[in-house]
Each structure stands twice: as structure tokens, then as C-alpha cells.
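Coordinate inspection notes
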There are 2 protein chains.
Amino acid sequence: MNKKEKIWICLAIISFVVLLSNGCRNKVQHSDGSGNPVAQIKDPLPSWNDTDNKKAIISFVGKITDESSPDFVRPAERIATFDNDGTLWSEQPMYFQFIFTFDRIKALAPKHPEWKVKQPFKAVLEGDITTVMNSGIAAINELVMATSADCTSEEFALVVKDWLAAARHPKTGKPYTEMVFQPMLELLTYLRDNGFKTFIISGGGVEFMRPWTEMVYGIPPEQVVGTSFKLKYEMHDGKPAIVQLPEVNFVDDNDGKPVGIYQYIGRRPIASFGNSDGDFEMLQYTKEGSGLRLGALVHHTDDKREWAYDRKSPYGRLDKALDSAQTNGWMLIDMKKDWKIIYAFEKK
Amino acid sequence: MNKKEKIWICLAIISFVVLLSNGCRNKVQHSDGSGNPVAQIKDPLPSWNDTDNKKAIISFVGKITDESSPDFVRPAERIATFDNDGTLWSEQPMYFQFIFTFDRIKALAPKHPEWKVKQPFKAVLEGDITTVMNSGIAAINELVMATSADCTSEEFALVVKDWLAAARHPKTGKPYTEMVFQPMLELLTYLRDNGFKTFIISGGGVEFMRPWTEMVYGIPPEQVVGTSFKLKYEMHDGKPAIVQLPEVNFVDDNDGKPVGIYQYIGRRPIASFGNSDGDFEMLQYTKEGSGLRLGALVHHTDDKREWAYDRKSPYGRLDKALDSAQTNGWMLIDMKKDWKIIYAFEKK
């Protein structure tokens, strides 16, 4: 080997090394959601069984990100919306926000002796869930509002975080933030890696979700739409703050979901994921837009690893939407058949 | 040169070429707002004079993006909010949305013979702006609502786009979308290049702004908060659609601005830019948060290149906020002194 040759070898090796390290950086940037498609070296949905549904999701993403495809969608229009309760995390034996609400009412009770005789507070303090649930939506809203009374939005976020850190699910004994569906986490990441902006569109309270959705789902507060109370700007202990008023501002469920989508996002999603009749209009609005669209319902079919319920459940009732899924071309995700695992902790 | 040597030369050249093309791609990704700081080779604010204000903006961005600084802010928290009228584009001789509204009322008049005798429509049709302006906010809202009656949100977006394509400003003869402030466009890009997410928080109508903010400011519809009417989801010509109802949903001005920020974004901005008393509470809410914050007011001081007005203007009145700018540590951007050019078309 002569001297010149050695120099060229050196240059080639240095270039290769820099090239490889650059390649790694690119990959990290893509994963951060920079909007460019990633060459799929490995399975993007490892917790999904290799069923038709998984293939259909991957085919959809392939088409809308392929610039040479008639179905190509530019990154800015790649909006995907997700229901939360029952779609991204479990919702049994009741919505987790209800469990939070009851715990919070109990914690605040010493300051409110009047609750001992006042419904629906009395029933909560006595653990009489049936009476609470039969007391109607106005009464339940009264409970929810009581959880954030007299605190600023920033203080309430801390209350939620503290509760999540300490509370455990009655069946699994796990923190609620671990009862999120691993296959859906992979789906969120996969969509974001392919330039999607992911949003939550939930009937749950927006102030209850925003403190933790970024950490758990990678969805920042500004991409969380939910049911909300009216807010007021005021000086609180000499500092400007936002406080909740005891008045419902917006109910983000049923036909409220497409309204919430338009109010907050201002464009129609190209993919939506739900699990109950409350998601009917969101899926309809998404799927009836022009071009290729994906609408899907998570069907709770696994009574061993999670819960099996649909038409008769008081939480996440799936009846009308189940009947019309086929006609409307909505995918039915069968948790039992389609998912290898439900929760990440099953792997441990 | 032997055969081996040739192979190594080829390999080195190929590697260099791939390396260079990768370098270019990286740069484009950063400019797209991927959240990573860009090495500032050239002046990020070329249309700003080298004044204290420019230095203060660059110093602020330098500190909050410097991981070794006590003022460092992680990218997800880098929220910057901008008023629109008078902050990002001009607002004289009146808010451009008013000019749109009057043009639209005139265009719709043949279908509404009753408007000839009904105020405030009669005054609009007769070009009697004084009467319109003195008719009060409810009457003006009635006009604004009439511009979108009977059309879906998607149809209304087309109406706005068509108007912008044809309409010209009475003084400059330019399209309204060219009457945006070049120094503020540079500021938006500079902030995004440094990991900021930029939002509009405007008293203007959200449905009037969203059709063009992405093209003109690089701000997508989901980052535009404005005054809004209630919406309804319904079937329209057999297709699901969103239609506006003739009822105000939310007024995004004064103390409505921090409320709008919290409702839509769910966190407190670290930088806010306004130009009028309507931005007082937004700047106060931003600046009083913990850590390093930037609050700034665009002061219209240039009667040659734009307009000079503050305390007495019916559009963009700057009075109370001007008095308290110094006490509150808000930057006063002096258009005449701080900006080399106002509009991009001055360069031509």
C-alpha cells in the first residue's frame, strides 16, 4: 500500500464514520416528530399481532406519506385524533377521573362538614357509588367542580399529579398512568414518526388530562381537547392566575367532538380512534372527508387481560357505533386478537 | 494510480457527497422548527436596526436556549403568543376584518333586500362607516355573523381566501396579506428556529384568520386562537359539516386573552407580543410567570411608512398599557427606530 492510497483510505474511513453518526442523529430527529417519514427498519407496532388491522394501519400510513401516491397528504394536514378513556387507557370499573373525583371529595370533606348531609356528596363519603351514579349529570358535574374549587389552574394540576403518584387501580394495583395501552402508545409514536400531529379529543375533563398526557402519551397540553368549565382571569394572592368557574363551558362528547376538533384544531383529522358511541360523530366527521381516511374503534374483547364489554356497559358503551362500523368502513380493533400485550407491565 | 487507490478515491468521494447532502437536509429540518437550536451564522433579524430592543430579544433567546444557563427553558415550554391586528399586520384605517365584513355584506345584499332599510346593514350598504362604528358591539357582531350565515366552516374559509386574493388596501393598493410586518415575520421564524411554538391570540375572528395564517405567518390553524361563534355539527347536503351559529362563543380580548391561552394551550407563554390595551392582560399573565419572560408592545410611531397612533385611536388603542409598560418591564418596540423596513414590498 503506498502513501497516497493510505491517505485515501483514511479519508474514506473518516467520511464513513461522520456519515454514520449523522445517520443516527437523523433518526433521533425523526423520532422527535420532525415530520419526515422514517425508513422502517424494524416493526413499528411490535405489540400488535400480524393481523389484517395492523396491515391496514401500516398500508394507510404508507400511502398518505408516499409523495408518488394519489393518497399523499402533506405533513401539515396529518392530524390524528384519539379519544382517551377506553381508547388510550382503561375505563373500568369506572372512568378514572371519577375515582379521582371521589378521592378528592373525601380529602376535602373535613373542610366541608355540610357534605355529610348534602347529596351527592353524602353518597360519595359513604362509598355509595350506585346513588352517585344515579344522581344525574348535573350532580356529577357538581362533584367534579368541587374538586377544583378555590384553586388556580396551576394548583389544580399539582393536585392531579399528586393523586396519580399515590393512587392505585383497585384491580391491578398499578398506578393509573401504567394502565395505558402499549399498542396504542406504539401507534401514537408510529404516527408521529410519520409526520402526524396527535391530539386527544376526550369527554374527560381537560384540566384532569393535561398535567400528565405529555409524560405518558407524548401529547402536549395544547393538543388535548376535553370537557371544560368556564375560566376566569384574576389576581390570586397578588399574582395573575386562571381559576375555574362553577359553570360548564363545553361538553366534548358525541356531536361535541367534531365541534371541539374544529374549535381547537381548525381542520378535519385524517385519522380518528375511539371506542364508544361517544366517538360516533368524530369518526363520521373524519371518515367522510375527501381522500383516504382511517377511522377505528377499540373493541374491548379481552376479559382476561383487560375487560370485555360493549353494548351494556355504563362506561364506554359501544352499541350504535358497533352496529354501523361495517357500513361506515370503520376498523374494529379486537383487543384480544389484535394485541400481543395490553399493558407495558405485562412484559416485566 | 493503481486500481485499489482508485476504489478508495471513489469511496471517499461518494461518502463526501452523501455527507454534504445530509448536511443540507439537517439544516432544512432545523428551519422547519424541529426544536433544535440552529447555529446562528447570519443575522436572524435582518430587518431590525441594531438597537437595544433587538439585542434584548437575541439575549432572551440565547439565555432560554442555553442548557448551561439558569434561565434555560426546555423546548416543550417555549410558547410564544402574538396578537394579530397591529402586531403582525396593519390595522388602519380600520381592522381588515371589518373591511372584509363590509365587502361581504355588499356582496350578499342582492339576496337580502330587507338590508336596505335595516340597520346596521343599511349604513354598510350606503358606505356610512361612522354610523356602523357607532352602532355598538352587538350590531357589529350581527354583521360579522351575517358574513358566514348558511355556509359550512370549510365553505367560509374559501370565501375568505377569495376575498384576500382580490381585495386591495385603500392606501397602499397591496393585498392585505402583504401588509404584514417583515420584522415580525423574521421574529416568528427566529423563535421557531429556536424551538418555540408560535401562537396567535387575537381579538379577531378565528374563522377569518385560520384560512391564511399558515401561508402568511407559518402558523397552522391549530395554533390560532381568536374570537369565535358557537359551532354546530350537522349534515349539510348529506355530508357531515361544521356550521357557525349566530351566538358568540368566546371573546378573545383583554382578560379573555389569558383565558383563551389557558383554554387552548394549557400553559403560560414565556414570550408575548401585542400592541394595544387589549393585550394588557396577556402581557401581564406572561411576564408575571416564574423565570425569564419577554413581554413586548409594538408601538406605531411611523406616520410615513405605516401609521402613527396610540392613545386616541379607535383601532389598536394603546393607552393604559403604554403607561404601565416601564413599570411592568414590557419592551416598547418603536417601529420608526427599531425597524429598517415595515413591509417586505419596500425592498422591491
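Our structure's up above, just so we're on the same page.
One structure accompanies this document, and this report is about it.

Thresholds applied
- Residues numbered from 1 in each chain as written.
- Chains lettered and ligands numbered in written order.
- Predicted model: local features only at pLDDT ≥ 70, side-chain atom pairs only at ≥ 80, totals over all residues.
- Heavy atoms only, no water.
- Helix = DSSP H or I, 4+ residues; strand = E, 2+ residues; numbered from the N terminus.
- Buried < 20%, exposed > 50% of the residue type's maximum accessible area, 1.4 Å probe, protein only.
- Contact = heavy atoms within 4.5 Å.
- Areas by Shrake-Rupley, 256 points an atom, 1.4 Å probe, with all protein chains shown as cover.
- Phe/Tyr/Trp six-rings, centres within 6.5 Å; stacked < 30°, edge-to-face > 60°.
- Lys NZ or Arg CZ within 6 Å of the ring centre and 35° of its normal.
- Pairing = 2+ DSSP bridges.
- Axes fitted to C-alpha atoms, helices over the stretch in contact; angles between N-to-C directions.
- Lys, Arg positive; Asp, Glu negative; His and termini not counted.
- Salt bridge = Lys/Arg side-chain N within 4 Å of Asp/Glu carboxyl O.
- Parallel < 35°, antiparallel > 145°, perpendicular 65-115°, else oblique.
- Nonpolar A, V, L, I, M, F, W, Y, C, P; charged D, E, K, R; others polar.
- Core = buried A, V, L, I, M, F, W, Y, C linked by side-chain atoms within 4.5 Å.
- Expected span 1.5 Å × (residues − 1).

**Examining the overall build of chain A**
Along chain A, the regular secondary structure elements total 13 helices and seven strands. Sorting the 348 residues of chain A into buried and exposed places 57% on the buried side. In chain A, the proportion of contacts linking residues at least 24 apart, taken out of those at least 6 apart, comes to 65%. Accessible surface, chain A as shown: approximately 15,200 Å² in total, 56% of it carbon and sulfur.

**As for the environment of Lys336(A)**
Residue and element names in this part refer to chain A. Locating Lys336 in the fold gives a position in helix 13 (residues 335-338). Considered as a pair, Lys336 and Lys42 are 294 residues apart in the sequence and their alpha carbons are 24 Å apart. If we skip the residues at most four places from it in the chain, Lys336 touches Thr301, Asp302 and Arg305.

**Focus: the packing of aromatic side chains**
Taken as a whole and judged by the stated rule, the model has 47 aromatic pairs over all chains. Aromatic side chains Trp163(A) and Tyr176(A) sit 5.0 Å apart centroid to centroid with 15 degrees between the ring planes, which places their arrangement in the stacked category. Here Trp163(A) is found in helix 7 (residues 153-166), whereas its partner Tyr176(A) is found in the loop between helix 7 and helix 8 (182-193), with 13 residues between them in sequence. The exposure class assigned to Trp163(A) is buried, which follows from its relative accessible area of 10%. Arranged with centres 5.0 Å apart and planes meeting at 80 degrees, the rings of Tyr95(B) and Tyr315(B) form a pair that is edge-to-face. With Tyr95(B) in the loop between strand 1 (79-82) and helix 3 (96-108) and Tyr315(B) in the loop between strand 6 (294-299) and helix 12 (320-328), this pair connects stretches of sequence that are 220 residues apart. Taken together through their ring pairs, the aromatic side chains of Trp89(A), Phe96(A), Phe100(A), Phe156(A), Trp163(A), Tyr176(A), Phe208(A), Trp212(A) and Tyr217(A) make up a single cluster. One Lys or Arg, Lys320(B), reaches over the ring of Phe280(B) and ends 4.2 Å from the middle of that ring.

**Concerning the sheet that holds strand 4 (residues 239-250) of chain B**
Spatially, 4-3-2-1-5-6-7 (chain B) is the arrangement adopted by the seven strands of the open sheet, whose pairing is mixed. Only two strands of the sheet have a single partner each, and these edge strands are strand 4 and strand 7 (331-334) of chain B. Between one strand axis and the next, the sheet turns by 35 degrees as a mean value, whatever way the strands run. Here four bridges tie strand 5 (residues 271-274) of chain B to strand 6 of chain B, and the two strands are oriented parallel to one another. By the bridge assignment for strand 6 of chain B, Phe273(B) is matched with Ala296(B). Against the sheet, helix 10 (residues 256-264) of chain A contacts strand 3 (224-236) and strand 4 of chain B, and its axis sits at roughly 150 degrees relative to strand 3 of chain B. In this fold helix 11 (residues 280-287) of chain B packs onto strand 1, strand 2 (197-205), strand 5 and strand 6 of chain B, with an angle of close to 165 degrees to the strand it touches most, strand 5 of chain B.

**Side note on unusual backbone geometry**
Negative phi characterises most residues that are not glycine, and trans characterises most peptide bonds. Residues and elements named next belong to chain B. Between Gln92 and the following residue, Pro93, the backbone shows a cis peptide bond with an omega angle of 5 degrees. The omega torsion across Gln119 and Pro120 is 0 degrees, close enough to zero to call that bond cis. Tracing the sequence through the fold places Pro120 in the loop between helix 3 and helix 4 (121-125). A positive phi angle is found at Asp237, which is not glycine, with a value near 55 degrees. Structurally, Asp237 can be placed in the loop between strand 3 and strand 4. Overall, the relative accessible area of 74% leaves Asp237 in the exposed class.

**Describing the side chain of Arg104(A)**
Residue and element names in this part refer to chain A. Residue position: Arg104 is located in helix 3 (residues 96-108). Notably, Arg104 is buried but unbridged: the nearest opposite-charge side chain belongs to Glu155, and the N-O separation is 8.0 Å. The residues touching Arg104, leaving out its near neighbours within four places in the chain, are Thr147 and Val159.

**Overview of the sheet that holds strand 4 (residues 239-250) of chain A**
Residue and element names in this part refer to chain A. One open sheet accounts for seven strands, arranged 4-3-2-1-5-6-7; its pairing is mixed. Whereas interior strands pair on both sides, the edge strands pair on one side only; in this sheet they are strand 4 and strand 7 (331-334). The mean inter-strand angle of the sheet, taken between neighbouring strand axes irrespective of direction, is 35 degrees. Here strand 3 (residues 224-236) runs beside strand 4; their pairing, made up of eight bridges, is antiparallel. Within the sheet, the bridge partner assigned to Leu231 lies in strand 4 and is Gln244.

**Description of the packing of helix 10 of chain A against helix 11 (residues 280-287) of chain A**
Residues and elements named next belong to chain A. Close contact between helix 10 and helix 11 brings their axes to 7 Å; oriented N to C, the two are set at 55 degrees. The pairing of helix 10 with helix 11 is recorded here as oblique in orientation. Two secondary-structure elements touch here, helix 10 through Lys257, Pro258, Ile261 and Tyr262 and helix 11 through Glu281, Met282 and Tyr285. Per-class residue counts for the contact of helix 10 with helix 11 are five nonpolar, no polar and two charged.

**Digging into the nonpolar core**
In terms of nonpolar packing, the biggest core is built from 74 residues, with Phe82(B), Met184(B), Leu187(B), Trp212(B), Tyr217(B), Phe273(B) and Trp339(B) touching the most fellow members. In terms of residue count, the dominant contributor to this core is helix 3 of chain B (seven residues). Beyond its immediate stretch of four places on either side in the chain, Trp339(B) contacts Ser47(B), Trp48(B), Asn49(B), Phe181(B), Pro183(B), Met184(B), Val298(B), Arg305(B), Ile333(B) and Asp334(B). With 73 residues, the next largest nonpolar core counts Val73(A), Tyr190(A), Met209(A) and Tyr217(A) among its residues.

**Section: the pattern of salt bridges**
Within this structure, the stated rule accounts for 36 salt bridges over all chains. Taking the shortest distance from any N to any O, the salt bridge between Glu222(B) and Lys197(A) comes out at 2.9 Å. Highlighted residues: Glu222(B) in the loop between helix 9 (206-217) and strand 3 and Lys197(A) in strand 2 (residues 197-205), drawn from two different chains. Like Glu222(B), the residue Lys197(A) is buried in the burial classification. The partner of Asp302(A) in a salt bridge is Arg305(A), with the nearest N and O atoms 2.6 Å apart. According to the relative accessible area criterion, Asp302(A) is buried, its value standing at 3%. Arg305(A) sits in the partly exposed class, given a relative accessible area of 25%. A network of salt bridges, in which partner residues are shared, links Arg74(A), Glu77(A), Lys197(A), Arg267(A), Glu214(B) and Glu222(B).

**Some details on the packing of helix 3 of chain B against helix 7 (residues 153-166) of chain B**
Residues and elements named next belong to chain B. Two elements in contact, helix 3 and helix 7, have axes whose closest approach is 11 Å; the angle formed by their N-to-C orientations is 105 degrees. The pairing of helix 3 with helix 7 is recorded here as roughly perpendicular in orientation. Counting all contacts with helix 3, which are made through Phe96, Ile99, Phe100, Asp103 and Arg104, the residues of helix 7 involved are Phe156, Val159, Val160 and Trp163. Along the lines of polarity and charge, the residues of the contact of helix 3 with helix 7 split into seven nonpolar, no polar and two charged.

**Structural notes on helix 6 (residues 137-148) of chain A**
Residues and elements named next belong to chain A. With twelve residues, helix 6 extends 17 Å between its outermost C-alpha atoms, agreeing within 8% with the 16 Å of an ideal straight helix rising 1.5 Å per residue. All of the buried residues along helix 6 are Ala139, Ile140, Asn141, Leu143, Val144, Met145, Ala146, Thr147 and Ser148. Structurally, helix 6 contributes buried residues whose contacts are with helix 3, helix 4 (121-125), helix 5 (129-133), helix 7, strand 3 and strand 4.

**Here's the deal with the environment of Thr177(A)**
Within the element layout of this structure, Thr177(A) appears in the loop between helix 7 and helix 8. In this structure, Thr177(A) is in contact with Leu164(A), Trp212(A) and Val216(A), ignoring residues within four places of it in sequence.

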